[in-house]
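# Residue-level structural notes
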Amino acid sequence: MPMSPRDYTRYFTPGHTFAYETGTIGTIDVRPAGELSLPSGRVVACDPFVALGAGESEPFTVAVEPGRYRVEAAVATLADPDEPAPDTPHLRVAAARLVIRDEPVATWEHALQPGQDLAELSDDEFYGYGVDAGTGCFYDAESDGAFPECEGDEGPLWDAFEEHDHAPGPYLITSPSTGHTLAAFGSGWGDGAYPTWIGRTRTGDVACFVTDFFVIPGEGEA
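Going along each chain's sequence as written, the residues are numbered from 1 onward. Owing to the predicted nature of the model, reporting of local features is limited to residues with pLDDT of at least 70; listing and counting of side-chain atom pairs is limited to 80 or more, with chain, interface and lining totals taken over all residues. Side-chain measures were taken over the full set of non-hydrogen atoms in the model, leaving aside hydrogen atoms and water.

### A look at the overall build of the protein
Every helix listed is a DSSP run of H or I at least four residues long, and every strand listed is a run of E at least two residues long, numbered separately from the N terminus. Regarding its fold elements, the protein presents three helices and twelve strands. Throughout, the radius of gyration refers to the C-alpha atoms, and the reference size of a globule is 2.2 Å times the residue count to the power 0.38. For 222 residues, the compact-globule formula gives about 17 Å, and the C-alpha radius of gyration of the protein, at 17 Å, lands near that figure. Projected onto its principal axes, the C-alpha positions of the protein cover 50 × 40 × 30 Å. To sort residues, take the accessible area from a 1.4 Å probe on protein chains only and compare it with the maximum for the residue type: under 20% means buried, over 50% means exposed, and anything in between is partly exposed. When each of the 222 residues of the protein is scored for burial, the buried share is 47%.

Shown next as C-alpha cells:
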C-alpha cells in the first residue's frame, strides 16, 4: 500500500503540540501567506529555486476553479523544556496548505501529476516533489514562466527570505513585471522529497492541497 495520509486537521490546529523521543516539544502556529492567484486553476507544487521557470514541474491532475485562494503554513516552534529559551526561536514549517474551501475534509488522496500511478508504489512509498534548496511553494501553472526576475539569488523570491534572515515564512511573492504570484515557505528540515495531498469535502469537492514536510512525527516515528 502507498503511504497513508496523516491527520492534517491537527497540523493546522493552533497550539497543537507534539514531542520527539529526545524530549524536544513542538508547538504549532498557523501563519498566513496571503491569497494566491490561480488564473488557470492548475496547481503546481515544487522547489521554486530549482524548478520555477524551468518547465520541469507539471501541475497536478486535479484542477480547481480559477480564483484567489488562501495559503497558510503550519509552523512548528521547537524547544527543549529542560534548556533555556534561545534568543531566536527554532522554527520549521511542518506543512503548507492551499485552501480552496473552508470546509471539513472527509477524505484524502495523493496529488498526482500526469503519468503517475498509485498502483506502482510499494509499501509506504509516495509521489512527491524533490527539494534541493530547502524551499517549497504553490503556484499556478500559468505562472511558471512569469517570474523573469527570479534567478538564483536574485529577484523577489530570494529577497523575501533574505530580508527575514531566511526565516521559513510563509511568503507571498509577486512578480513586479507580470503580477503573477507564488507562495513560498521553508521545507521542514530542508532538502528531500515531500508529498502533497488533496483533501475533499463529504460531497467530493476539493477543500485543500497540503504538502507534508515530515516535521510532525507519525505514529511510532518520534
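### Focus on the side chain of aspartate 140
Following the sequence through the fold, aspartate 140 ends up in strand β8 (residues 135-140). Residues scored as positive are Lys and Arg, those scored as negative are Asp and Glu, and His as well as the terminal groups of each chain are ignored. Criterion for a salt bridge: a side-chain nitrogen of Lys or Arg within 4 Å of a carboxyl oxygen of Asp or Glu. Despite being buried, aspartate 140 has no salt bridge partner; arginine 42 is the closest side chain of opposite charge, sitting 5.3 Å away. Within polar-contact distance, the side chain of aspartate 140 engages the backbone nitrogen of glutamate 142 at 2.8 Å. Beyond its immediate stretch of four places on either side in the chain, aspartate 140 contacts Ser37, Leu38, Pro39, Ser40, Gly41, Arg42 and Val44. N or O atoms within 3.5 Å of each other form a polar contact, as long as, within protein, one can give a hydrogen and the other can take it, and as long as residues adjacent in sequence are counted only when both atoms are side-chain atoms. Residues are treated as being in contact if the distance between any of their heavy atoms lies within 4.5 Å.

### Points about the pattern of salt bridges
Tallied over the entire structure, the rule returns eight salt bridges. Of the charged contacts in the structure, one is a salt bridge between glutamate 35 and arginine 68, with a shortest N-O distance of 3.6 Å. Linking glutamate 35 in strand β2 (residues 25-38) with arginine 68 in strand β4 (residues 67-79), this pair joins segments that are 33 residues apart in sequence. Residue classification places glutamate 35 among the partly exposed residues on the basis of a relative accessible area of 42%.

### Quick look at the pairing of strand β10 (residues 181-186)
For β10, the tally of buried residues reaches six of six residues, placing the bulk of the element in the interior. Here β10 shows no split at all, with Thr181, Ala183 and Phe185 on one side and Leu182, Ala184 and Gly186 on the other all buried. Sheet topology places β8 next to β10; five bridges connect them, and they run antiparallel. Bridge pairing links tyrosine 139 to leucine 182 in β10. When DSSP finds two or more bridges between a pair of strands, those strands are recorded as paired. As consecutive antiparallel partners, strand β9 (residues 171-174) and β10 are separated by six residues, and within that stretch glycine 179 has a phi angle of approximately 80 degrees, a positive value.

### Here's the deal with a negative patch on the surface
Negative charge collects at one region of the surface, where Glu151, Asp153, Glu154, Asp159, Glu162, Glu163 and Asp165 lie side by side. With respect to the element layout, aspartate 165 can be found in the loop between α3 (156-162) and β9. For aspartate 165, a relative accessible area of 71% gives the class exposed. Like charges are joined within 9 Å and nonpolar side chains (Val, Leu, Ile, Met, Phe, Trp, Tyr) within 5 Å, but only among residues with over 30% relative accessible area and no salt bridge; these make up the patches. Using a 1.4 Å probe, accessible areas were evaluated by the Shrake-Rupley method; residue-level cover was limited to the displayed protein chains. A charge is said to be at NZ when it belongs to Lys, at CZ for Arg, at CG for Asp and at CD for Glu.

### Details of the state of the cysteines
By definition, a disulfide is the covalent link that joins the sulfur atoms of two cysteine residues. Note on terminology: disulfide denotes any pair of cysteine sulfur atoms within 2.5 Å. Tallying each qualifying case throughout the model produces zero disulfides. Here cysteine 137 is not disulfide-linked; the sulfur of cysteine 46 is the nearest cysteine sulfur, at 3.8 Å. Cysteine 150 takes part in no disulfide bond, and the closest cysteine sulfur to it belongs to cysteine 137, at a distance of 10 Å.

### Focus on the nonpolar core
By size, the foremost hydrophobic cluster in this structure holds 28 residues, and its most contacted members are Val71, Leu98, Phe138, Phe185 and Phe209. Every element with two or more residues in this core is listed here: β2, β3 (43-46), β4, β5 (90-99), β7 (128-131), β10, β11 (192-200) and β12 (206-212). Excluding anything up to four places from it in sequence, phenylalanine 209 contacts Val43, Phe60, Val62, Val64, Ala96, Arg97, Leu98, Ile100, Phe138, Thr196, Trp197 and Ile198. Take the buried Ala, Val, Leu, Ile, Met, Phe, Trp, Tyr and Cys residues and link them wherever side-chain atoms come within 4.5 Å; each set so joined is a nonpolar core.

### With respect to the environment of cysteine 137
Its place among the elements puts cysteine 137 in strand β8. Overall, cysteine 137 belongs to the buried group, its relative accessible area being 0%. Residues cysteine 137 and threonine 196, 59 residues apart in the sequence, show an inter-C-alpha distance of 11 Å. In this structure, cysteine 137 is in contact with Val44, Ala45, Cys46, Pro48, Tyr129, Leu182, Ala183, Ala184 and Phe185, ignoring residues within four places of it in sequence.

### Looking at the packing of aromatic side chains
Each pair of aromatic rings taken from Phe, Tyr and Trp, with Trp reduced to its six-membered ring, is defined by centres within 6.5 Å and is described as stacked if the planes are under 30 degrees apart, edge-to-face if over 60, and tilted in the remaining cases. Counting across every chain of the model gives 14 aromatic pairs. The interplanar angle of 70 degrees and the centroid separation of 5.6 Å between the aromatic rings of phenylalanine 126 and phenylalanine 214 together place this pair among those described as edge-to-face. Placement of phenylalanine 126 in the loop between β6 (107-110) and β7 and of phenylalanine 214 in the segment after β12 is noted, with a sequence separation of 88 residues between them. Judged by relative accessible area, which is 26%, phenylalanine 214 ranks as partly exposed. Here a set of aromatic residues connected by ring pairs shows up, and it is made of Phe126, Phe138, Phe185, Tyr194, Phe213 and Phe214.

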